[in-house]
Amino acid sequence: MDYKYIEQLLDRYFEAETTLKEEQILKAFFEQSEEELPESLRQYRPLFAAMEQDETLGDDFDARLLEMTEEKVQVKARIISLSDRMRPLMRAAAVVAILLTLSTALNQSFKEEKVWADQSDYALRYEPTGDEPAMAYDQVSDSLKSDSLFKPTGYLE
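Basis of the calculations
- Residues numbered from 1 in each chain as written.
- Predicted model: local features only at pLDDT ≥ 70, side-chain atom pairs only at ≥ 80, totals over all residues.
- Heavy atoms only, no water.
- Helix = DSSP H or I, 4+ residues; strand = E, 2+ residues; numbered from the N terminus.
- Buried < 20%, exposed > 50% of the residue type's maximum accessible area, 1.4 Å probe, protein only.
- Polar contact = N/O pair within 3.5 Å; in protein donor to acceptor, adjacent residues only side chain to side chain.
- Axes fitted to C-alpha atoms, helices over the stretch in contact; angles between N-to-C directions.
- Parallel < 35°, antiparallel > 145°, perpendicular 65-115°, else oblique.
- Left-handed = near helix turned anticlockwise from the far one by under 90°.
- Contact = heavy atoms within 4.5 Å.
- Nonpolar A, V, L, I, M, F, W, Y, C, P; charged D, E, K, R; others polar.
- Patch = residues over 30% accessible without salt bridge, like charges linked within 9 Å, V, L, I, M, F, W, Y side chains within 5 Å.
- Areas by Shrake-Rupley, 256 points an atom, 1.4 Å probe, with all protein chains shown as cover.
- Salt bridge = Lys/Arg side-chain N within 4 Å of Asp/Glu carboxyl O.
- Core = buried A, V, L, I, M, F, W, Y, C linked by side-chain atoms within 4.5 Å.
- Arc of directions from axis to C-beta.
- Phe/Tyr/Trp six-rings, centres within 6.5 Å; stacked < 30°, edge-to-face > 60°.
- Lys, Arg positive; Asp, Glu negative; His and termini not counted.
- Charge placed at Lys NZ, Arg CZ, Asp CG, Glu CD.

(A) Layout of the side chain of S141. Topologically, S141 is positioned in helix α6 (residues 132-145). Overall, S141 belongs to the buried group, its relative accessible area being 18%. In this structure the side chain of S141 is engaged in a polar contact, spanning 3.0 Å, whose partner is the backbone oxygen of D138.

See below:
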């Protein structure tokens, strides 16, 4: 027997191009016993046998579904204080403060190294003239003689 029409229907069925009537023809064809089906088409029999066992949802389906999804645990409200709300912001502010402090410290340490480098360069450029101790003595003695300095009280002049 030639089963080309059934094979064509199967091809159209798997491409989702069959009508309901054609699907009923396929279902009726595969309801035959195993011995009557050709060897090449026996593999499709379980697929159409499953169509026979189509289970309906029933009238109480909605009620059963709502019962399953209904929450049985009561949720208790929790009061969140202002400090609890602000805690993430405080943590973020602390991290920013730490980063700024570290960056400032690093920046200062690099500046101090530069100052020391400039002073060592100054030491190489310095040429003593021999008059420095005398000039320093004169400046100190002049400042001690001036009236603008603090004079101790309790002494007679």
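(B) Region of the structure containing the environment of A50. Turning to its location among the elements, A50 is positioned in helix α3 (residues 45-52). Classification of A50 by relative accessible area gives partly exposed; the value is 46%. Each C-alpha atom of the pair A50 and K27 lies 9.8 Å from the other, and the pair is 23 residues apart in sequence.

(C) Summary view of the packing of helix α1 (residues 4-14) against helix α2 (residues 20-30). At a minimum axis distance of 10 Å, the contact between α1 and α2 shows a crossing angle of 125°. The angle between α1 and α2 falls in the class oblique. The handedness of the crossing between α1 and α2 is left-handed. Facing α1, whose interface residues are Y5, I6, L9, L10, R12 and Y13, α2 presents E22, E23, I25, L26, F29 and F30. A class-by-class count of the residues in the contact of α1 with α2 yields nine nonpolar, no polar and three charged.

(D) How the structure looks around a nonpolar patch on the surface. The grouping of L82, M86, L89 and M90 at the surface amounts to a nonpolar patch, some 420 Å² of accessible area in total. Given a relative accessible area of 55%, L89 falls into the exposed group.

(E) Fine view of the pattern of salt bridges. Taken as a whole and assessed by the stated rule, the structure comprises four salt bridges. With its nearest N and O atoms 3.6 Å apart, the salt bridge here joins R64 to D60. With a relative accessible area of 41%, D60 lands in the partly exposed category.

(F) Molecular detail of the nonpolar core. Formed by Y3, I6, L9, L10, L26, F29, F30, L37, L41 and F48, the largest nonpolar core amounts to ten residues. For this core, the secondary-structure elements that each account for two or more residues are α1 and α2. Those residues in contact with F29 that sit more than four places away from it in its chain are Y3, I6, L37, P38 and L41.

(G) Focus on α1. Listing the buried residues of α1 in full gives I6, L9 and L10. In an axial view of α1, the angular spread of the buried residues amounts to 100°, which keeps them on one side of the axis. Where α1 ends, the next residue or the one after it, A16, has phi of about 60°, a positive value.

(H) Looking closely at the packing of aromatic side chains. Summed over the entire model, instances satisfying the criterion amount to four aromatic pairs. Aromatic rings pair up to connect Y3, F29 and F30 into one cluster.

(I) Quick peek at a negative patch on the surface. A surface patch of like charges, here negative, comprises E7, D11, E15 and E17. Relative to the helices and strands, E15 is located in the loop between α1 and α2. Judged by relative accessible area, which is 52%, E15 ranks as exposed.

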